[in-house]
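Architecture and fold: a report
Below are the chains, spelled out letter by letter.
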Amino acid sequence: MRLAALLLEDLAVPVPAFTSRSRLLLFAPHPDDDSLVCSILLQRAVRAGAAVRVVYVTDGDDNPWPQRVLERKWRLNATDRRRWGRLRRTEALAALRVLGVNSSAARFLALPDQKLTAMLTCGCQPALERFVEIIADWEPTDLLVPSICDTHPDHSALAVMLGLVLSESFSAPTATGQIAVWSYVVHGKSPAFFDCAAKICQSHSEAATKLRAIRCHKTQLKLSRKRFLAYASRLERLVKLGARDKTVVDGSISSVFRLPHSLGMEVRLSPKAMRMSEPALFVLGRDETGALRCMTMRVPARSSRVEMLDSASLDCLAEAQYRGNAFAGRLTIPVSIFPSASAIFVKLERRSWFFDEAGWLEIPPAKAQPVAEPQRDQVEAALATFR
Ligand SMILES: [Zn+2]
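About the criteria used
- Along each chain, residues carry numbers from 1 onward, in the same order as the chain's sequence is written.
- Reporting of local features is limited, given that this is a predicted model, to residues whose pLDDT is at least 70; pairs of side-chain atoms are given and counted only at 80 or more, and all residues count toward the totals for whole chains, interfaces and linings.
- The basis for every side-chain value is the complete set of heavy atoms in the structure, and neither hydrogens nor water enter the calculation.
- Lines fitted to the C-alpha atoms define the axes, with helices restricted to the stretch that makes contact. Angles between their N-to-C directions range from 0 to 180 degrees.
- By definition, any uninterrupted DSSP run of H or I lasting at least four residues is a helix, any uninterrupted run of E lasting at least two residues is a strand, and each is numbered from the N terminus.
- Working rule for angles: under 35 degrees goes down as roughly parallel, over 145 as roughly antiparallel, 65 to 115 as roughly perpendicular, anything else as oblique.
- Residues count as neighbours in contact if any of their non-hydrogen atoms are within 4.5 Å of one another.
- For this classification, Asp, Glu, Lys and Arg are treated as charged, while Ala, Val, Leu, Ile, Met, Phe, Trp, Tyr, Cys and Pro are nonpolar and the rest, including Gly, are polar.
- When accessible area is computed with a 1.4 Å probe and restricted to protein chains, residues below 20% of their type maximum are described as buried, those above 50% as exposed, and intermediate ones as partly exposed.
- One side-chain nitrogen of Lys or Arg within 4 Å of one carboxyl oxygen of Asp or Glu is enough to make a salt bridge.
- Water is absent from the atoms considered, so a metal site may look incomplete; donors are defined as N, O and S atoms within 2.8 Å of the metal, or 3.2 Å for Na, K and Ca.
- The geometry test gives tetrahedral to four donors whose angles all lie between 85 and 135 degrees, gives square planar to four donors and octahedral to six donors whose opposite members are over 155 degrees apart with all other angles between 65 and 115, and gives irregular to the rest.
- Working definition: rings of Phe, Tyr and Trp (its six-membered ring) pair if their centres are within 6.5 Å, and the pair is stacked with planes under 30 degrees apart, edge-to-face with planes over 60 apart, and tilted otherwise.
- Comment: the charge-over-ring label is applied if NZ (Lys) or CZ (Arg) is within 6 Å of the ring centre and within 35 degrees of the ring normal.
- Think of pLDDT as the predictor's per-residue confidence, scored from 0 to 100.

Take the packing of helix H4 (residues 64–71) against helix H11 (residues 218–230) next. It is the contact of H4 with H11, at a shortest axis distance of 9 Å, that shows an interaxial angle of 95°. Here H11 runs roughly perpendicular to H4, going by the angle between their axes. Contacts between H4 and H11 involve Trp65, Pro66, Val69 and Leu70 from the former and Thr219, Lys222 and Leu223 from the latter. Class assignment for the residues of the contact of H4 with H11 results in five nonpolar, one polar and one charged.

In the Ramachandran plot, Arg72 falls in the positive-phi region, its phi being about 50° despite a non-glycine side chain. Within the secondary structure layout, Arg72 lies in the loop between H4 and helix H5 (78–98). Owing to a relative accessible area of 78%, Arg72 belongs among the exposed residues under this scheme. With a phi close to 50°, Glu139 is a non-glycine residue in the positive phi region. Within the element layout of this structure, Glu139 appears in the loop between helix H7 (125–138) and strand S4 (142–146). Residue Glu139 is classed as partly exposed on the basis of its relative accessible area of 38%.

We now examine H4. All buried positions along H4 are accounted for by Pro66, Gln67 and Arg68. In this structure, the buried side of H4 is in contact with H5 and H11. One or two steps after H4, the chain reaches Arg72, where phi turns positive at roughly 50°.

Let's shift gears to the pattern of salt bridges. If you walk through the whole model with that rule in mind, you get 18 salt bridges. Measuring nitrogen to oxygen at the nearest pair gives 2.8 Å for the salt bridge that ties Glu236 to Lys210. With Glu236 in strand S7 (residues 236–241) and Lys210 in helix H10 (residues 204–215), this residue pair connects regions lying 26 residues apart in the sequence. Across the pair Asp356 and Lys347 runs a salt bridge, and its minimum N-O distance is 2.6 Å. Neither residue differs from the other here; Asp356 and Lys347 are each classed as buried. Connected via shared salt-bridge partners are Glu71, Lys73, Asp80 and Arg83.

This part is about the coordination of the zinc ion. With distances of 2.1 to 2.4 Å, the protein atoms coordinating the zinc ion are His30 (ND1), Asp33 (OD), Asp33 (OD) and His155 (NE2). Each of the four donor atoms bound to the zinc ion contributes to angles spanning 55 to 144°, and the resulting shape is irregular. Written as a sequence motif, the donor arrangement for the zinc ion is H-x2-D-x121-H. Taken together, the positions of His30 in the loop between strand S1 (23–28) and helix H2 (33–37) and His155 in helix H8 (residues 153–169) put the pair 125 residues apart, joining distant regions of the chain.

In this section: the packing of aromatic side chains. The description of two aromatic rings rests on the distance between their centres and on the angle between their planes. Taken as a whole, this structure holds six aromatic pairs when the rule is applied. Ring centres of Phe282 and Trp360 lie 5.9 Å apart, and the angle between their planes is 20°; this geometry places the pair in the stacked category. On the criterion of sequence distance, the pair formed by Phe282 in strand S10 (residues 280–286) and Trp360 in the loop between strand S17 (355–356) and strand S18 (361–363) is long-range, its members being 78 residues apart. Sitting above the plane of the Trp138 ring, Arg23 keeps its charged end 4.1 Å from the centroid. The ring of Trp74 carries Arg68 above its face, with NZ or CZ at 4.3 Å from the centroid.

What follows covers the confidence of the model for the chain. Close reading of the predicted structure is inappropriate where its pLDDT is low. Confidence along the chain averages 84 in pLDDT terms, with 81% of residues attaining 70 or more. Note on residues 309–319: pLDDT is under 50 here. Beyond four places in sequence and across chains, it has 37 contacts.

Let us look at the side chain of Ser183. Within the secondary structure, Ser183 is located in strand S5 (residues 180–184). The exposure class assigned to Ser183 is buried, which follows from its relative accessible area of 3%.

Right under this line is the structure:
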């Protein structure tokens with residue numbers, strides 16, 4: 001019985017099954033992500049005769065350390081970076097050819113490398129419209145996207161952008177049916193992803209081809225050879241995305257509770273010596289007019305104030321407690337600028353070098369709650385001590 005239950009459990013975790021009618025569309029934040037975690041899937045799509053398109057969102061041109069070492073040049077200007085971006089494009093195309101994917105399958109969008117979070121929080125409508133066009137044009141049956149749990153900020157920001165695009169423009173079945181959307185993680189070990197991810201078993205020859213594809217990224221092997229080559233023996237993992245009715249917490253946020261006009265969060269900032277800057281909290285969604293808005297707060301790890309940074313959200317207040325030296329407690333954030341019927345996204349940004357502690361959380365629409373919300377004046381009274 002136990003074995004049967006386990007087998008059923010395994011069968012319940014879906015992985016893509018490509019056929020000659022499949023149309024795969026893969027979004028990669030940088031020109032090496034597809035090689036690192038989707039090489040086996042790309043080989044299988046090719047073998048099945050599926051149509052494949054790979055969209056590289058940035059050229060990976062803001063990659064100064066390997067460039068300094070390889071080019072023996074300390075100061076890098078815009079021309080140097082463009083040259084590096086072109087080099088990374090040729091590496092991406094070479095890796096695709098190793099996997100059996102024709103160069104004509106690739107598209108390069110050249111959005112700003114290392115700045116997708118800034119784009120997302122400050123204005124990404126043109127990028128969202130471009131993603132809608134690309135998806136509508138390709139009419140994919142299967143879509144591979146980065147996970148919001150990835151600890152590279154470009155990856156998780158792109159995941160939020162694509163999440164918005166899919167829920168707003170592609171929630172209804174298309175001419176080719178409902179799009180199956182799968183997410184992948186390149187960086188980090190988020191339990192929110194790995195605890196529910198399906199593993200893709202790989203044959204020796206598939207793994208060997210993947211290794212050859214990874215070796216095409218010579219610029220990246222220069223400083224990260226061991227880490228990069230290790231991806232070849234690591235099983236690829238995917239989470240199939242669907243409409244979620246609850247948030248999977250991650251990082252320093254241990255619980256989230258959304259009411260029609262406020263968002264409650266339990267937060268515990270673990271002391272981390274390597275974190276580079278004070279944590280910032282982002283709350284992002286569409287307002288009543290349909291415009292994308294992002295409220296930003298600074299949550300200092302070692303003081304007694306939660307500070308609003310975004311003057312457009314002066315009506316947003318937060319309640320916080322500090323225990324000992326580091327923040328631990330509950331944040332109550334009025335979110336009435338976001339209609340309760342639409343999802344919002346939250347990120348507590350704590351960077352170490354350029355990696356995050358955790359990615360974004362998706363908070364589903366608020367359900368009608370029998371519990372009364374705290375009165376606004378009570379929240380304001382509680383906040384008085386933080387001003
Ligand atoms: Zn990447």
